[in-house]
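Each chain, written out:
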There are 2 protein chains.
Amino acid sequence: MNKKNVYMDHGATTPVRQEVLEAMLPFFSELYGNPSSLHAKGRDVRKAFEEARRVTAASLGVEPDEIYFTSGGTESNNIALRGAAKKHGSGHIITSSIEHHAVLDVCKDLEKQGFSVTYLPVDKYGLISMEEFESSIKPETFLVSIMAANNEIGTVQPISEIGAIAEKHKILFHTDAVQVVGQMPLNIKELNLDFLSLSAHKFNGPKGVGALYKRKGVKIDPLYHGGGQERKLRPGTENVPGVIGLSKALELAVGELPQKAEELAKLRNRLIEGLVRIDDVVLNGHPEKRLPGNVNVSFKYIEGESVLLSLDLHGIAASSGSACSSGSLDPSHVLSAIGLDHQTAHGSIRFSLGRGNAEEDIDYVLDIIPSIVDRLRQMSPIRKESC
Amino acid sequence: MNKKNVYMDHGATTPVRQEVLEAMLPFFSELYGNPSSLHAKGRDVRKAFEEARRVTAASLGVEPDEIYFTSGGTESNNIALRGAAKKHGSGHIITSSIEHHAVLDVCKDLEKQGFSVTYLPVDKYGLISMEEFESSIKPETFLVSIMAANNEIGTVQPISEIGAIAEKHKILFHTDAVQVVGQMPLNIKELNLDFLSLSAHKFNGPKGVGALYKRKGVKIDPLYHGGGQERKLRPGTENVPGVIGLSKALELAVGELPQKAEELAKLRNRLIEGLVRIDDVVLNGHPEKRLPGNVNVSFKYIEGESVLLSLDLHGIAASSGSACSSGSLDPSHVLSAIGLDHQTAHGSIRFSLGRGNAEEDIDYVLDIIPSIVDRLRQMSPIRKESC
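Given the structure is predicted, the values throughout are model-derived calculations rather than measurements.

What counts, and at which threshold
Sequence positions are assigned chain by chain, starting from 1 and proceeding in written order. Written order determines the labels here, with chains lettered from A and ligands numbered from 1. Reporting of local features is limited, given that this is a predicted model, to residues whose pLDDT is at least 70; pairs of side-chain atoms are given and counted only at 80 or more, and all residues count toward the totals for whole chains, interfaces and linings. Remark: hydrogens and water are excluded; side-chain values derive from all non-hydrogen atoms of the structure. A run of H or I in DSSP counts as a helix once it spans at least four residues, and a run of E counts as a strand once it spans at least two, with each numbered from the N terminus. Throughout this description, buried means an accessible area under 20% of the type-specific maximum (1.4 Å probe, protein chains only), exposed means over 50%, and partly exposed covers the range between. Should any heavy atoms of two residues lie within 4.5 Å, those residues are considered in contact. The protein chains shown are the only cover counted for residues, whose accessible areas, like all others here, come from Shrake-Rupley with a 1.4 Å probe. Working convention for charge: Lys and Arg count positive, Asp and Glu count negative, and His plus the chain ends are omitted. Charged groups are reduced to one reference atom each: NZ for lysine, CZ for arginine, CG for aspartic acid, CD for glutamic acid. A side-chain nitrogen of Lys or Arg and a carboxyl oxygen of Asp or Glu constitute a salt bridge if their distance falls within 4 Å. Throughout, the accessible surface (probe 1.4 Å) given up by two parts as they are put together, summed over both, is called the buried area. At least two bridges found by DSSP between two strands are what make those strands a pair. Only residues with pLDDT of at least 70 in both copies count here: their C-alpha atoms drive the least-squares fit that superposes the copies. In this description, a line fitted to the C-alpha atoms serves as the axis of each element, helices being fitted only across the stretch in contact, and the angle between N-to-C directions of two axes falls anywhere from 0 to 180 degrees. Angles below 35 degrees are treated as roughly parallel, those above 145 as roughly antiparallel, those between 65 and 115 as roughly perpendicular, and all remaining angles as oblique. We call a crossing left-handed when the near helix sits turned anticlockwise from the far one by less than a right angle, and right-handed when that turn is clockwise. Throughout this entry, Asp, Glu, Lys and Arg are counted as charged residues, while Ala, Val, Leu, Ile, Met, Phe, Trp, Tyr, Cys and Pro are counted as nonpolar. The remaining residues, Gly among them, count as polar.

1. Quick notes on the overall build of chain A
Scanning chain A from N- to C-terminus turns up 14 helices and twelve strands. Taken over the C-alpha atoms alone, chain A extends approximately 70 × 55 × 35 Å along its principal axes. For chain A, the residues scored as buried account for 62% of the 387 residues in total. Pairs at least 24 residues apart make up 73% of the contacts formed inside chain A by residues separated by at least 6 positions. Accessible area for chain A stands at about 14,300 Å²; split by element, carbon and sulfur atoms hold 50% of it. The centroid of the 43 positive side-chain charges in chain A is displaced by 4 Å from the centroid of its 49 negative side-chain charges.

2. Considering the pattern of salt bridges
One pass over the full model with this rule turns up 45 salt bridges over all chains. Of the charged contacts, one joins Glu256(A) and Arg17(A) as a salt bridge, the two residues approaching to 3.0 Å between their closest N and O atoms. Note that Glu256(A) is positioned in the loop between α8 (240-255) and α9 (259-276) and Arg17(A) in the loop between β1 (6-7) and α1 (18-24), a separation of 239 residues in sequence. By relative accessible area, Arg17(A) is classed as buried at 6%. The closest approach of N and O atoms between Glu167(B) and Arg215(B), which form a salt bridge, is 3.9 Å. One end of the pair, Glu167(B), is in helix α7 (residues 159-168); the other, Arg215(B), is in the loop between β8 (210-214) and α8 (240-255), and 48 residues separate them in sequence.

3. Brief notes about the interface of chain B and chain A
One widely used convention gives an interface's size as the accessible area the parts lose upon coming together. Of the residues lining the interface, 65 residues belong to chain B; the matching set on chain A comes to 65 residues. Overall, the association of chain B and chain A removes approximately 5,100 Å² of surface from exposure, summing both partners, and the carbon and sulfur fraction of that is 59%. Summed over the three residues of chain B that lose the most area to chain A, namely Lys207(B), Tyr224(B) and His225(B), the buried surface amounts to 15% of that side. Applying the counting rule to chain B against chain A returns four salt bridges. The shortest N-O distance in the salt bridge between Asp312(B) and Arg43(A) comes to 2.9 Å.

4. Things to note about the pairing of β8(B)
All names here are of chain B. Among the five residues in β8, five count as buried, and that is most of the element. Residues of β8 alternate between two faces, with Gly210, Leu212 and Lys214 on one and Ala211 and Tyr213 on the opposite face, all of them buried. Pairing of strand β2 (residues 67-70) with β8, which is carried by four bridges, proceeds in the antiparallel orientation. Considered in β8, the bridge of Thr70 is made with Gly210. Pairing analysis gives five bridges linking strand β7 (residues 195-199) to β8, with the strands arranged antiparallel. Across the sheet, residue Leu198 finds its bridge partner in β8, namely Ala211.

5. Structural notes on the relation of the copies chain B and chain A
The pair of chain copies shares a relation made of a rotation about an axis and a shift along it. By a simple turn and slide, chain B fits onto chain A: the slide is 0.0 Å along the axis, the RMSD is 0.0 Å, and the turn is 180°. Expressed as a symmetry operation, the mapping of one chain copy onto the other fits a two-fold axis. Measuring from the rotation axis to each C-alpha of chain B, the shortest distance belongs to Ser71(B), at 3.2 Å. Most of the interface of chain B is mirrored in chain A, where 100% of its interface residues are also at the interface.

6. A short note on the packing of helix α3 (residues 40-60) of chain A against α8(A)
All names here are of chain A. Direction vectors running N to C along α3 and α8 enclose 30°, while the axes themselves pass 9 Å from each other. In terms of their interaxial angle, α3 and α8 are classed as roughly parallel. Like other packed secondary-structure pairs, α3 and α8 cross with a definite hand, here left-handed. In contact with Val45, Ala48, Phe49, Ala52, Val55, Thr56, Ser59 and Leu60 of α3, α8 contributes Val240, Val243, Ile244, Leu246, Ser247, Leu250, Glu251 and Val254. Looking at side-chain class alone, the contact of α3 with α8 contains twelve nonpolar, three polar and one charged residues.

Geometric descriptors of this kind do not, in isolation, establish any biological role.
So, in structure tokens, the structure goes:
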């Protein structure tokens, strides 16, 4: 079989779509004014920029003045969590043990500043329990932050139920939806969300730009200060080409839902079915409540990183753990939280499908993998010990 | 005279150079991997990204591991000041009264958090006094932040002297060099700098990307948390195309110095000489110690904003106050600090020259302005009162 280039790491990042790049291009060297400038070159750019905000808001079903553009998902998460904490001064926050580090490590830092934090455990599928969540709410709880779907194992949380409980107890609700926006339909207004974080480069937009949805009327304190851009919540000259790209990518991605999600889920299921047919391969995450593009499996008795590098030699790009912590020797905190032992966690691989993947890519991967697994298991010292 | 398009607002932002855009383009849709990914698509991008860091560092005469990429000048300033403050916990900071809001308003926020801040006054040219600076240093002073050159009036501070005093008293020295980098030669290592902030879109690079120089060995606390990128100081998936663009723009701009600065200064002087020949027009800022591209004048008895809009009708883009606070009715804090009365401050215009400006642009502006000023003064109620 000829070597193919198959990109299955869309959870880490995605290529910018041609239509998105074309929309951005005029804003580098022609429409380059500072949107805060009063002259025509500034005003023209301000107009395009606010139109991008309108498109972004419409794609999410929210109001334009509920959208704050940021440099990405990490910044959106930090602004929401730290901004709410700064506003409240003290109190209790609830989150889960499988959040991305951009939520988890912010919470740990807030603990150092005197806030108390509950890290909800998850079951073997990666789901938090609504009973545990509700019983962890204290009088001083002001915020809950639960990711819409996990970046490693793809488990989709019941954010509608979380939102209803948060509403009942009058606590703010933030969700890190970086993996969900553009990949699954989402109705912010039905979810009782106060904040939602998104990142353009996860849905075929450019890197370096994201957005925070903040419900109208919800007050938080800014973290950074400067020229007052984004209604003082995110100062700094606006990343105009980036925001134009974000809005275009979001409009296109949302416009293709739910059909695109169904197509992806079909490919995902085909890949899962093929993989679990291999001996000692187990699926991580929930069998149904999972991102349409996410496949995460453990290859027992071998190192995920060795599988990854062998796949790479065949032109297949996948990931072990999340891209952000690749290279680390610690097992993923997510895989540990769902109860995987150290060894099984280390044998895990994420294939994240997206735009451009087709059935033939799946079949190529399924053709290649068995021989890789066989070869690595024959070489594996773990295998020998375990058998 | 035919209407021309003359952009003289380079202090607000600049167009991206073609060479810069071309360098960026492959990184949107072809070399799109996440630099943290272990597969070939990630490794190739990591390699290019670290090469961009090396070029950036070399252009500034520093080491690659002293460069931290950010989303722009505002973020760089916030990370340096707040990061040093978080590390120290308490103490005293010295800054000037004419800093950009991305320093000034950070200091005001730090005061609310219990830090004490001295805001050094400036003389009529916008210069701080070395005696006042040194005598304001207290045992608990840990940081001084003085901009390399002012964004509104262009005054260049004696940062070499400031650095020597800071070194003597063992306090950290940060400079906001957003207006200087790429426009004037700068030798970081000779200046005893601990931190320097820069922004790509001020030197014909893209918006949404900047850098912080932090001297090796200087410890600060991170403000945001996430995937650990930029050695944990600035987490979030790297803005690869933006950083490639920054490094290319910086390399080109620095490579053209000092000749480019001399050419700009010639144009600047021609514009200043022509403007001050008009009745009741005064130059703001220092006659010699000023940015090569900066011209700031007050047109007495008229509103700067009216001049600006009239210029705009003739295709000339300039600014009143800084772009960040355009639209505000408060007089500029910089113009107030150099002693301008409210009325004169409101009659001020900044022309900021840059790449692409030529003698004929200067002459066009000088041809147009007298009639604008005449007409506005005839209509001016202030003029009537004052005469």
